[in-house]
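A closer look at the structure
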Amino acid sequence: MPSSVVLQSLEPLTRQALIDRLREEDPARLEELWQAADAVRQAYVGGEVHLRGLIEISNYCIRLCAYCGLRAPNTELTRYRMSEEEILACARQAHAMGYGTVVLQAGEDPMLSREMIARLVRRIKESLPLAVTLSLGERGAEDWAAWREAGADRYLLRFETSNPHLYRKYHPPKGEERETRIEMLRRLRALGYEIGGGVMIGIPGQTYADLADDLLMFRELDLDMVGLGPFILHPRTPLADPDFRVLVPDGEQVPPNELMTYKTIALTRLLCPRANIPSTTALATLNRGQGRELGLVRGANVVMPNLTPPRYRAYYEIYPNKVCIQESAEACHACLRSRIEGLGRPIGRGQGASPNYLARTGGAGGDSSA
Ligand code: SAH
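Taken together, 17 residues form the shell around the ligand, and within it Tyr 67, Ala 106, Glu 160, Arg 181 and Ile 232 come nearest. At 2.6 Å, a side-chain N or O of Glu 160 approaches an oxygen atom of the ligand. In the complex, 93% of the free accessible area of the ligand, which totals 550 Å², lies under the protein chains.

Now the structure itself:
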C-alpha cells in the first residue's frame, strides 16, 4: 500500500490525536498504527536495517541525572575508561564485521578531553571508511566544533523530556549551564552534525500530553535520528525513592512498558518519516525474545550491536538487567544478523546516513560509500 494511502487512513497527527493514539488499546486500531508506521518506514527509508557498532568508551560521569546509574554519586559502580588503542581496535572490528558506523558513547567524562576525542576521531576517519557518531553528553560549543572539524559525522543527545519541570528536576544543570538539550541540538545542527535526540518513555511524572509534546518536538527539531526506550528504574538513583518522584493524577502517567514504546516508535516514524530510528537495547531488555524485531516492524530501521569489550560491558550500567552483557562482539553480531534475516530485511550497506540529513544537505552528507 503506498504510504500516502496509509497516511490518509490515519487522522492528522495533532497533539490530541497523538494523545489518543498513545492511549489506544483497541487491537484493530493498534494494528492500523503498526501497518501505517511500517509502510511509511518502507516508503521513506526502505527495508534496510543499518547496524551501528556501539562502543561504550567510559562510564565516568560528573552529572547527577536522577534516572541514570552512571551518575557521579553512585560510588558502588566500578568505573572504567577505554584507551585510545582499545577504542581503535573496536572500530576496526566494526569495519571487519561490515558495519558502516561506530557510536562512541560515554558518561559525561571530562577526562575525555577535546584533544583526545579529536585525535581519536581523526585516526578512525583516516584509517577506516566509517561514519563516526559521538554520544558524549553536554560539552562546550568549542569541543563540538573541534570534533566536527576532526571528521565526526553525527551527535546523539537525547533531550530526555520536553517538560521543563521534569527536565530540571531529573537532569540538574551543571554549574551555570542554562542551555537545555533542545537548544544544544540546534547548536549541533548548526555545526553540521547529523543530529539525534530522543526521550525515555514512562519516566515518573511524564503524562500522555508530555509524551505527545516530545513527539511534536522531534518534528519541530527535524531530527535525523530519534532514540526511544522505556525508562527502567535503577535502584541506586534518586528515582528509586517514591518520595522523589513527580506525581501526576491517576490515569495520566505514561507506563514505561513495551507497548508504549512501540506506539511511540510508530508515531515517531509517521512524524519524522526520513529519520533513522533504532530498535533500542532498553526495548530488548523488556522483551528479550522479540523486542528488537517488533521495534523493526513498527517503524524502526536501525539496531546497535554492542562492541564494548565484554570485560567492561557490565559496568556501563545506565539501568539494570541490560541485555547481552556477557556476549562477545561476534556473538552479538551473529544474533542480530539472524534476527534481521528472520524478518526478511536486508542489512544496510555503507554508512547509512539519515535520508533526512541527506535531503537537507543536498546529499553532501559525507556518506560517500553509501
Ligand atoms: N552521557 C550521555 C550518554 C547517556 S546514556 C548523555 O547523557 O547523552 C544514553 C541514554 O540512556 C540517555 O540519554 C538516556 O535517555 C538513557 N537512559 C539513562 N538512564 C536510563 C534508565 N534508567 N532507563 C532507560 N534509559 C536510560
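With that out of the way, let us pick up the pairing of strand E2 (residues 101–106). The buried fraction of E2 amounts to 6 of the 6 residues, a majority that puts the element mostly inside the structure. Covered by surrounding structure in E2 are Thr 101, Val 103 and Gln 105 together with Val 102, Leu 104 and Ala 106, the residues of both alternating faces. For strand E1 (residues 50–58) and E2, the ladder comprises 6 bridges, and the chain directions are parallel. Among the inter-strand pairings, Arg 52 is bridged to a residue of E2, identified as Thr 101. On the question of chirality, the crossover connecting E1 to the parallel E2 by way of helix H4 (residues 84–96) is right-handed.

Moving on, we get to the packing of aromatic side chains. Using the criterion set out here, one finds 6 aromatic pairs in the structure. Relative to Tyr 155, the ring of Trp 144 has its centre 5.6 Å away and its plane inclined at 70°; by these criteria the two rings are edge-to-face. Highlighted residues: Trp 144 in helix H6 (residues 141–150) and Tyr 155 in strand E4 (residues 154–156), separated in sequence by 11 residues. For the residue pair Trp 144 and Tyr 155, the accessibility class agrees, reading buried in each case. Ring-pair connections join several aromatic residues into one group, and the members of that group are Trp 144, Tyr 155 and Tyr 193. Residue placement shows Arg 81 over the ring face of Tyr 60; its charged tip is 4.2 Å from the ring centre. Above the face of the Phe 244 ring, Lys 169 is positioned so that its terminal group lies 4.5 Å from the ring centre.

Now for the sheet that holds strand E7 (residues 302–303). In space, the 7 strands of this open sheet follow the order E6-E5-E4-E3-E2-E1-E7, with parallel pairing throughout. Two strands in the sheet have a free side with no partner beyond their single neighbour: strand E6 (225–230) and E7. Pairing analysis gives 2 bridges linking strand E3 (residues 131–135) to E4, with the strands arranged parallel. Following the sheet pairing, Thr 133 is matched in E4 by Arg 154. Running over the sheet, helix H5 (residues 114–127) touches E1, E2 and E3 and is turned about 155° from E3. Running over the sheet, helix H8 (residues 181–190) touches E4 and strand E5 (194–201) and is turned about 160° from E5.

Right, let's get into the side chain of Asp 153. Secondary-structure assignment places Asp 153 in the loop between H6 and E4. Using a relative accessible area of 10% as the deciding quantity, one classes Asp 153 as buried. Beyond its immediate chain neighbours, meaning those up to four positions away, Asp 153 contacts Lys 125, Leu 130, Ala 131, Val 132, Arg 148, Tyr 193 and Glu 194.

Rules used throughout
- Residues numbered from 1 in each chain as written.
- Predicted model: local features only at pLDDT ≥ 70, side-chain atom pairs only at ≥ 80, totals over all residues.
- Heavy atoms only, no water.
- Near = heavy atom within 4 Å.
- Polar contact = N/O pair within 3.5 Å; in protein donor to acceptor, adjacent residues only side chain to side chain.
- Areas by Shrake-Rupley, 256 points an atom, 1.4 Å probe, with all protein chains shown as cover.
- Buried < 20%, exposed > 50% of the residue type's maximum accessible area, 1.4 Å probe, protein only.
- Helix = DSSP H or I, 4+ residues; strand = E, 2+ residues; numbered from the N terminus.
- Pairing = 2+ DSSP bridges.
- Right-handed = clockwise from strand over helix to strand, strands pointing away.
- Phe/Tyr/Trp six-rings, centres within 6.5 Å; stacked < 30°, edge-to-face > 60°.
- Lys NZ or Arg CZ within 6 Å of the ring centre and 35° of its normal.
- Contact = heavy atoms within 4.5 Å.
- Axes fitted to C-alpha atoms, helices over the stretch in contact; angles between N-to-C directions.

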